[in-house]
Amino acid sequence: MSSALPGHSIAQLRRLAQEALADWRSRDALRLLFVLRTVLAAIVALGVSMALSLGAPSTAMVTVFIVAAPRSGDVIAKGFYRISATLVGAVAAVTLVATLVEHRTSFLVALSLWIGLCTTGAAYVRGYRAYGFVLAGYTVTIIAVPAIAAPDLVFNIAVMRATEVLVGIVSTALIADLLLPEYASHTLRDAVSKAYADLAAHARSVASGRWQPQQRLARGLALAETAIALELRREAASFESAEIRLHGPQLRRFADAMSRADSELHGWSLAVDRLRAAQAQTPNPAAMTALNLLGGLAEEFGRLIAPNQRLPRSSVDAAAIEPALAGWREQLSERAELLRPLVADPQNDEASNLRASMDFDALAERLATLVDRYIEFTSSYADFTRVQARAKGAGIGWLPHTDGIEAIFMGLRGAVGIGLMSMFWIATDWPRGPSALVLTAVSCTLFATLPQPKAAVRGLMMSVVLAGVLAVVVKFGMLPHADDFVSMALVLAPFLAFCAWITVIPKTATIGRGVGMFFPVLLGMQSAPDYDLAGTINEVLGALTACALAIAAFTAIVPLATDFSGRLRRSLWRYAARTCDGDIDRRRHRLDHGVRELLTILVGRNGPQRPELRPRLTACALAVLEAGHAVLAVREAAARPVAAGLSAALLEGLAEFLADPRNRSRARSIVELEAQEQALLRSQPTDASKRGAAHELPAALRQLRLLLSDERWYADLCARSSRDAADALHSPLAHDTQAIGAPHGA
Amino acid sequence: MAPELAFDGVLFPSLLPVFLISALIFWPLETLLTRAGIYRWLWHPSLARLSLFILLFAGLALARGFSGV
């Protein structure tokens, strides 16, 4: 026995060491590589700009810090949008200076308008494209403002800026793609398999009945975050190679199938929960039997999702479980039909038995749809292993939804910030005015679309101070001793490494980005350096003043217009109300996509300005989905040939209620639904043991009525605070997507 | 080959159109190679991609230089 112990502990130690190594490889090694690549790229960019005698090597270095990212796809994507936006901005700047430079006021007005326009545009797109819009806005300031004093030079300034930016991008992209590259396509693959495993785990816990409705908000947010992350990673990875571009339609289909399967899971679990709650109020043994029978079927389904208690980990696993799921689904309707007679309880009266079998039918239908959606989802994942699956059409994808008014207000805020700074500059004749104006443009536009612009600008001020201290130390303490490029690079390397390192640590990332932006600028790297301490300090003070003005613009000028959650809620309600008329399939499509789009806004960059509203609005979105689907189920049942049809007044009343649930028409709708249900049941033969198409409509009406009478659902729909709204989580992914989605840099 | 092209008084390097044409050829070529699965057999796909582009660009530039256009 004693000999087994050392052997055991060695194996254990080895495993621990392997785990530690894997952990280190997955996190710290990535960070170290990132730091190494960034420092190298910055020095290469500096060297190239100096060798080509370009005027402002700092711009190339700043560009390196802005486009640097741990994965090459992100670098190339951001670099692509940066150079495109710089070119657009350069053309706009040259045009602006050529036409308006004589009239300073109209010049500044036009500049503000351009910035407002670009900020508005940025609100309409996501990810790197938004960054491109913002950059096209303030590049004009960077090029045109210094040219006011010397309009003849504007073309040279524009060419110089574009060249420097290009040098920075090319050196960063080449080093990221060639030197021990980390590919975004690998992260994308991991993200897809994680999204599949997450939904599979969720489906298993729903099917086994372990899932609690209180978890719905967390799940709704997590799903939206996953979808955003998938879309952003797809965008970055498609810049890496044609591989991901070829897979693009499949990824869209996967995301579509994921949201549809999730909707069904959500609907099923809450419908079961509602029937349980109804049981607690008025017990009906027959209904209890129905619930238990269907619960048994759902559990079988749950076991198929994870054969041998193991969740599928790859698309090959998913392809393996697909036939089993499809085979089970084929038998499902037959088995439900066989179980149906067991629902009726001889001791019950006729009406209770009828209600119970109606509930059974409605839930069995839901379960069948749920399994269908889940099979679609599984096969969309399994398709990644099949080459011929590329031929299938693309999914719709998650199109971003933007509130036009909100976007215009964001643009207005950017424009007002620039206007204010311009007036201040004209009125005081401040010598640092031009550079402060540039910085105001940067902070106003970059941060105008963020949920917390003031905090972001405050973080920027901290980075200005830190970068100022670093720059003074390096410029006046160390650089004078460096007499050639190699020694200069050696002096700079540790400081550049520090900037890169704090960028990659999530806690200090925001400040790190700012330091990366300002350190090279304040260093003032030029072919012939000027050692002017007062000038550097003045530059720091000017930057701080500009930040303070940007905060003033955010606080004092347009603060009232910043909360758009009411509008968001109304657009959600509109989706539900619209399900009451029009083409059923089209409305279902619009409902699923529209609401999911709005949900991604809640977790995305353009979310509500008050983060505490997020869980409430998420709950509202989920309640809208439920209501919409319930209404559509009623309308679908009413459209069957045997059905008696619905009264138009009922649908109108429902539409009126859903368009603004705070009004008093809820009780009226419930009463009308019940009256219609009873009328239908009276007019038709009531044989609880036989399942007839005639029962579908009353069953659907009953589900809708139960939903409308559900107090928790109603509180969710009105986006009122409820107890479980507080436990909505901030998952680590939320920060991740913000880090990817939020544009940084100058 | 003239070193620079004049366009409305603004000078552009004459290699710029060659670069753009190489990029236009490279894009579909890369898609074809990916479809064929070539990159799966290579040690460093990005390096191979870059080398391919440089070959294309340099080849076109030299061909243009020789033809004297």
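For the structure itself, look to the data block above.
Residues numbered from 1 in each chain as written. Chains lettered and ligands numbered in written order. Predicted model: local features only at pLDDT ≥ 70, side-chain atom pairs only at ≥ 80, totals over all residues. Heavy atoms only, no water.

Further remarks concern helix α13 (residues 404-428) of chain A. Owing to its 3.6 residues per turn, the α-helix aligns residues three or four sequence positions apart on the same side. Residue and element names in this part refer to chain A. The first and last C-alpha atoms of α13 sit 36 Å apart over 25 residues, in line with the 36 Å expected at 1.5 Å per residue. Residues of α13 that are buried: E406, A407, M410, G411, R413, G414, A415, G417, I418, M421, S422 and W425. Just beyond α13, the residue with positive phi is D429, at close to 55°. (Helix = DSSP H or I, 4+ residues; strand = E, 2+ residues; numbered from the N terminus. Expected span 1.5 Å × (residues − 1). Buried < 20%, exposed > 50% of the residue type's maximum accessible area, 1.4 Å probe, protein only.)

Residues and elements named next belong to chain A. On the secondary structure map, L230 appears in helix α8 (residues 216-238). Note: C-alpha distance between L230 and R458 (228 residues apart in sequence) is 31 Å. With residues up to four places along the chain from it excluded, the contact list for L230 reads L188, A191, V192, A195, F254 and M258. (Contact = heavy atoms within 4.5 Å.)

Contacts between chain B and chain A engage 12 residues on the former and 12 residues on the latter. Between chain B and chain A, roughly 1000 Å² of surface is buried when both sides are summed, and carbon and sulfur atoms account for 59% of that area. Interface area lost by chain B to chain A is led by T34(B), R35(B) and S46(B), which between them contribute 35%. Where chain B touches chain A, the interface holds one salt bridge. Our enumeration of links across chain B and chain A arrives at six residue pairs in polar contact (both at pLDDT 80 or more). Of all the secondary structure elements, the ones that give two or more residues to the side of chain B that touches chain A are α1 (15-36) and α2 (45-67) of chain B. When the residues that make up the side of chain B that touches chain A are grouped by side-chain class, the tally is five nonpolar, four polar and three charged. (Buried area = accessible area lost by both parts, 1.4 Å probe. Salt bridge = Lys/Arg side-chain N within 4 Å of Asp/Glu carboxyl O. Polar contact = N/O pair within 3.5 Å; in protein donor to acceptor, adjacent residues only side chain to side chain. Nonpolar A, V, L, I, M, F, W, Y, C, P; charged D, E, K, R; others polar.)

Our next topic: the environment of A306(A). Residue and element names in this part refer to chain A. Position of A306 among the secondary structure elements: in the loop between α10 (285-305) and α11 (315-339). Considering only alpha carbons, one finds A306 and D317, 11 residues apart in sequence, at a separation of 9.9 Å. Not counting chain neighbours up to four residues away, the residues in contact with A306 comprise R204 and L311.

Moving on to the nonpolar core. Counting 95 residues, the largest nonpolar core has Y138(A), L492(A), L496(A), F518(A) and F519(A) as its most contacted members. Among the elements that make up this core, the one with the highest residue count is helix α16 (residues 485-504) of chain A (11 residues). (Core = buried A, V, L, I, M, F, W, Y, C linked by side-chain atoms within 4.5 Å.)

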